[in-house]
Amino acid sequence: MVEKVLTGLSALRPGAIESKSATVVRPDSRTQAGAKTAANAKRRSGTCSAATRGIGGWALYLALPVVLVAVWSLYGVVRGGQSVAMATPQQIVGAAVEYAANGELWLNIAVSIARVLEGFLVALVAAAVLGVAAGVSRRFERAIDLVMQILRPIPGIAWIPLAIIWFGIGENSKVYIIFIGAFFPMFVNIVDGIKGIDKRYFELGEVYEIPKWRFIRQVVVPAALPQILTGIRLGLSGAWICVVAAEMIGATSGVGFMLSDGRSMSRPDVVILAMLIIGVIGKFMDDFVQWQRRRMVNWQ
């Protein structure tokens with residue numbers, strides 16, 4: 001492992017010259033046997049994962065939701081009447097058709113997604129800059145640690161009154177609350193991911209005098225990428241939690257507004273519809289990050 005790191009870092013050194021001659025290291029029989037065992041294990045893992053992704057895998061994946069919806073529908077049939085506390089799946093589908101026909105459903109979804117992406121992207125940039133700086137510099141981490149540790153436990157919802165005082169009830173206050181909800185999970189995971197990197201990388205980088213920015217871009221970020229992507233997943237979840245809370249106060253559109261509007265009209269079908277929309281969109285976003293993780297972190 002050290003030899004691979006040494007070779008990679010020497011290639012990053014400014015003015016590094018390729019050697020005209022290379023030493024070929026022939027693997028011994030023990031290394032070949034280990035490689036064959038690893039290849040067989042990977043082949044078996046691939047076969048299992050292919051079976052999981054097949055028809056049987058999809059049946060297992062969808063079994064619990066289908067059972068829950070069936071029991072839920074049966075409850076509505078047995079109950080046989082309208083309830084102010086719970087709506088049946090049929091009533092929720094009817095509410096979805098109603099809101100989709102008048103255009104409110106698509107408007108609310110588009111507004112919430114735009115707010116989430118805006119606040120999340122600003123939080124991602126800020127978390128990346130501060131997280132990388134804190135991860136590679138002990139002095140910078142020490143300088144900001146107290147403030148970060150005090151602010152981190154404060155939930156995004158607690159910032160709503162102050163955000164309204166600072167920015168009013170317009171878009172800026174909502175984006176700020178989303179920013180708060182998404183920033184800290186990503187910041188913590190970026191710092192932890194960098195601190196989990198083998199210290200020999202940093203030592204060899206100093207020995208070969210690799211430029212700081214190049215070392216961060218080509219060594220630190222790729223090595224911490226799994227933890228960074230985990231932070232992005234948590235940041236997206238925090239962004240959706242905060243956008244719903246922000247839209248329930250002082251908003252005239254968005255999925256959170258649908259929740260508040262359904263509550264005020266005593267329509268549980270609208271409330272549950274809005275909750276399901278949040279869950280489905282969050283699921284698709286999480287799947288996208290997971291897909292990118294499989295493409296980018298192909299060594300795991």
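Bear in mind the structure is a predicted one, so any value in this text is a computation, not a measurement.

A. Structural detail: the overall build of the protein chain. Looking only at helices and strands, the protein chain has 12 helices and 0 strands in total. Across the 300 residues in the protein chain, those meeting the buried criterion constitute 35%. Taking the intrachain contacts of the protein chain between residues at least 6 apart in sequence as the baseline, contacts between residues at least 24 apart amount to 73%. Of the roughly 18,700 Å² of accessible surface on the protein chain, 66% is carried by carbon and sulfur atoms.

B. The arrangement of helix α11 (residues 255-264) in detail. Within α11, burial applies to V255, G256, M258, L259, S260 and G262. Looking at the buried residues of α11, the elements they touch are α4 (89-101), α5 (104-136), α10 (212-247) and α12 (268-296). Looking one or two residues beyond α11, the residue adopting positive phi is S266, at roughly 55°.

C. Seen up close, the UniProt feature "transmembrane region" (unreviewed entry) in the protein chain. The feature "transmembrane region" (unreviewed entry), as annotated in UniProt, sits at residues 58-78, 120-138, 150-169, 175-194, 238-259 and 271-291 in this numbering. Structurally, residues 175-194 comprises 100% helix and 0% strand, and the distance from its first C-alpha atom to its last is 28 Å. Taken end to end, residues 271-291 has its terminal C-alpha atoms 30 Å apart, with 100% of it in helix and 0% in strand.

D. Expanded view of the nonpolar core. Counting 66 residues, the largest nonpolar core has F183, F187, M258 and I277 as the members making the most contacts within it. It is α10 that provides the largest number of residues to this core, a total of 17 residues. For F187, the contacting residues outside a window of four places in its chain are A127, L130, G131, A134, I144 and M148.

E. Representation of the environment of I241. Examined against the element boundaries, I241 turns out to sit in helix α10. A residue is classified by how much of its surface remains accessible, and I241, at 54% relative accessible area, is exposed.

F. The confidence of the model for the protein chain, seen in detail. Of the residues in the protein chain, 79% have a pLDDT of 70 or more, and the chain-wide mean is 81. For the protein chain, helix α1 (residues 2-12) is the element with the lowest average pLDDT, namely 51, and α5 is the one with the highest, namely 94. Ignoring residues within four places in sequence, the model shows residues 1-6, a span with pLDDT below 50, making 6 contacts including any to other chains.

G. Region of interest: the packing of α10 against α12. α12 packs onto α10 with a crossing angle of 170° between their chain directions and a minimal axis gap of 10 Å. It follows from the interaxial angle that α10 and α12 lie roughly antiparallel. Crossing angle aside, the handedness with which α10 passes α12 is right-handed. On the side of α10, the interface is formed by L225, P226, L229, T230, I232, R233, L236, W240 and V244, while α12 contributes I278, I281, G282, M285, D286, V289, Q290, R293 and M296.

H. Structural view of the packing of aromatic side chains. This structure, assessed with the given rule, holds 10 aromatic pairs. For the pair W58 and Y61, a centre-to-centre distance of 5.7 Å together with 85° between the ring planes defines the contact as edge-to-face. Remark: Y61 and W58 occur in helix α3 (residues 55-79); sequence separation between them is 3 residues, near one turn of the helix. Assessed through its relative accessible area of 46%, Y61 is described here as partly exposed. For the pair W159 and Y176, a centre-to-centre distance of 6.0 Å together with 75° between the ring planes defines the contact as edge-to-face. Of this pair, W159 sits in the loop between α6 (138-151) and α7 (160-167) while Y176 sits in helix α8 (residues 171-195), and the two are 17 residues apart along the sequence.

Analysis parameters
Residues numbered from 1 in each chain as written. Predicted model: local features only at pLDDT ≥ 70, side-chain atom pairs only at ≥ 80, totals over all residues. Heavy atoms only, no water. Helix = DSSP H or I, 4+ residues; strand = E, 2+ residues; numbered from the N terminus. Buried < 20%, exposed > 50% of the residue type's maximum accessible area, 1.4 Å probe, protein only. Contact = heavy atoms within 4.5 Å. Areas by Shrake-Rupley, 256 points an atom, 1.4 Å probe, with all protein chains shown as cover. UniProt positions renumbered as here; feature names shortened; annotations may be inferred. Core = buried A, V, L, I, M, F, W, Y, C linked by side-chain atoms within 4.5 Å. pLDDT = per-residue confidence, 0-100. Axes fitted to C-alpha atoms, helices over the stretch in contact; angles between N-to-C directions. Parallel < 35°, antiparallel > 145°, perpendicular 65-115°, else oblique. Left-handed = near helix turned anticlockwise from the far one by under 90°. Phe/Tyr/Trp six-rings, centres within 6.5 Å; stacked < 30°, edge-to-face > 60°.

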